[in-house]
Structures are given as structure tokens and as C-alpha cells.
Amino acid sequence: PYAAFDGIISSKESLLADAQSKRHFQTVEAVHLQEFFVSFWMGDYDKALEASDTAMSFPSAKMPKVALIYHILYRGIAAFHLHREGNGEKWLKEGNDMKDQMEIWVKNSEVLFENKLLLLEAEYCASMCEVILAKESYKFSIKVARDNG
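Residues numbered from 1 in each chain as written. Predicted model: local features only at pLDDT ≥ 70, side-chain atom pairs only at ≥ 80, totals over all residues. Heavy atoms only, no water.

> Explain the overall build of the protein to me, and be specific about the residues and the numbers.
When helices and strands are tallied, the protein shows 7 helices and 0 strands. Projected onto the principal axes, the alpha-carbon positions of the protein cover approximately 55 × 35 × 25 Å. Sequence separation of 24 or more characterises 46% of the internal contacts of the protein that already satisfy a separation of 6 or more. Working note: accessible area of the protein is about 8900 Å², and carbon and sulfur atoms make up 58% of it. (Helix = DSSP H or I, 4+ residues; strand = E, 2+ residues; numbered from the N terminus. Contact = heavy atoms within 4.5 Å. Areas by Shrake-Rupley, 256 points an atom, 1.4 Å probe, with all protein chains shown as cover.)

Take a look at the structure:
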């Protein structure tokens, strides 16, 4: 993936070093977000949340963009998962914080955010051992996503 740099940048580490030296913090944020998404999808939630924390430390991370929507969604899923794995109440709080953010966004665009909020609510229910309610919420999230395209 670094061929476009003609050998000047040959790895993620050299890209980060170059971006930091030039104070291109949006690039640094993007690299850490990529690491977050890859780690999330590989099931390494600890590594994903570490990359998320780094990415969110930059002011540009709070700027509205599509990646932020999925970052909040996946961070919430990962946090609830870590809580269910016995890693502490801080992850339940973190998951709830991400769910709260989605509740704010759903007021602005129900079509875009409702299924994501329902998914985070299902994750919360699963974290609270409310299996039947979690299952219903998962199914409803799928239905809403399908209905909204």
C-alpha cells in the first residue's frame, strides 16, 4: 500500500513519523482509525480500543465524517463485548456513552442511525444478561436496517 510514496515511506511507522513531523494530524488520526477498524474486524477488541483512544485524542477526530459514525458504533460493540468478557464496569460505561451518542444522532436522522442505536441497545441488553430482550433488539435492528436500505 505504500508504493505510491516511491520508497520514501515504506511502512505504517514511517508514515506516522512523517505525518507527525509535518504536523499532519488528520493523517495520524486516519492511520489509527484504520488500525481500529482492522483490529475490530479481526476480533482484537483490546487493540482496536487502544487505536481508538489514540485516534480520538486528536481534535480532528470529533469533526463530523462518515468514519466517525462507524467508529462510535464499533467502539460501543467492542466495549460491551469487553464488559461481557469480565474486563470491568468501565467498558459498560464506555458502551453506554457510545449508545448515548447514537441516541443524539438518531434525532437528526432516524433512517441513518436507528438500526445502529438498536444494535447498541441489543449489545447493552446482552451485557446485562437480558437474553430475550437482546435477541428481540438484534432482530429489530436487522429489520430496521433492511427496511431503510
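> Run through the environment of aspartate 46, naming residues and quoting values.
Topologically, aspartate 46 is positioned in helix α3 (residues 45–56). Looking at aspartate 46, the relative accessible area reads 51%, which means it is exposed. Aspartate 46 sits 103 residues away from glycine 149 along the chain, and the two C-alpha atoms are 31 Å apart. (Buried < 20%, exposed > 50% of the residue type's maximum accessible area, 1.4 Å probe, protein only.)

> Residue-level account of the packing of aromatic side chains, with values.
Taken as a whole, this structure holds 11 aromatic pairs when the rule is applied. Consider the rings of phenylalanine 36 and phenylalanine 40, whose centres lie 6.4 Å apart with planes at 35°: the pair is tilted. Highlighted residues: phenylalanine 36 and phenylalanine 40, both in helix α2 (residues 25–41), separated by 4 residues, approximately one helical turn. Looking at phenylalanine 36, the relative accessible area reads 0%, which means it is buried. Between phenylalanine 40 and tyrosine 45, the ring centres sit 5.3 Å apart and the planes meet at 50°, which makes this aromatic pair tilted. Tyrosine 45 gets classed as buried once you look at its relative accessible area, which sits at 17%. Through pairs of rings, three or more aromatic residues link up here, namely Phe36, Phe37, Phe40, Trp41, Tyr45, Tyr70 and Tyr74. Taking NZ or CZ as reference, lysine 99 lies 5.3 Å from the ring centre of tyrosine 124, over its face. (Phe/Tyr/Trp six-rings, centres within 6.5 Å; stacked < 30°, edge-to-face > 60°. Lys NZ or Arg CZ within 6 Å of the ring centre and 35° of its normal.)

> Just give me the short version of α2, but keep the residues and values in it.
Spacing of three or four residues puts side chains on the same side of an α-helix, whose turn is 3.6 residues. Taking 1.5 Å of rise per residue, the 17 residues of α2 would be expected to cover 24 Å, and the 24 Å separating its terminal C-alpha atoms lies within 8% of that figure. Burial in α2 covers these residues: Val28, Glu29, Val31, His32, Leu33, Glu35, Phe36, Ser39 and Phe40. On its buried face, α2 sits against α1 (12–21), α3 and α4 (66–84). Phi turns positive, to about 85°, at glycine 43, one or two residues after α2. (Expected span 1.5 Å × (residues − 1).)

> Could you give an account of the side chain of serine 141, naming the residues involved and the relevant values?
For serine 141, the location among the structural elements is in helix α7 (residues 131–148). Look at serine 141 and you get buried, because its relative accessible area is 6%. Setting aside residues no more than four positions away along its own chain, serine 141 makes contact with Asn115, Leu118 and Leu119.

> Give me the lowdown on the packing of α2 against α4, citing residues and values where you can.
How two helices pack is summed up by the angle between their axes together with the distance between the axes. At their nearest, the axes of α2 and α4 sit 11 Å apart, and the two run at 45° to each other. In terms of orientation, α2 lies oblique with respect to α4. Considering the relative orientation of α2 and α4, their crossing is left-handed. Of the residues in α4, those in contact with Leu33, Phe36, Phe37, Phe40 and Trp41 of α2 are Ala67, Tyr70, His71, Tyr74, Arg75, Ile77 and Ala78. Of the residues contributing to the contact of α2 with α4, the split by class is 10 nonpolar, 1 polar and 1 charged. (Axes fitted to C-alpha atoms, helices over the stretch in contact; angles between N-to-C directions. Parallel < 35°, antiparallel > 145°, perpendicular 65-115°, else oblique. Left-handed = near helix turned anticlockwise from the far one by under 90°. Nonpolar A, V, L, I, M, F, W, Y, C, P; charged D, E, K, R; others polar.)

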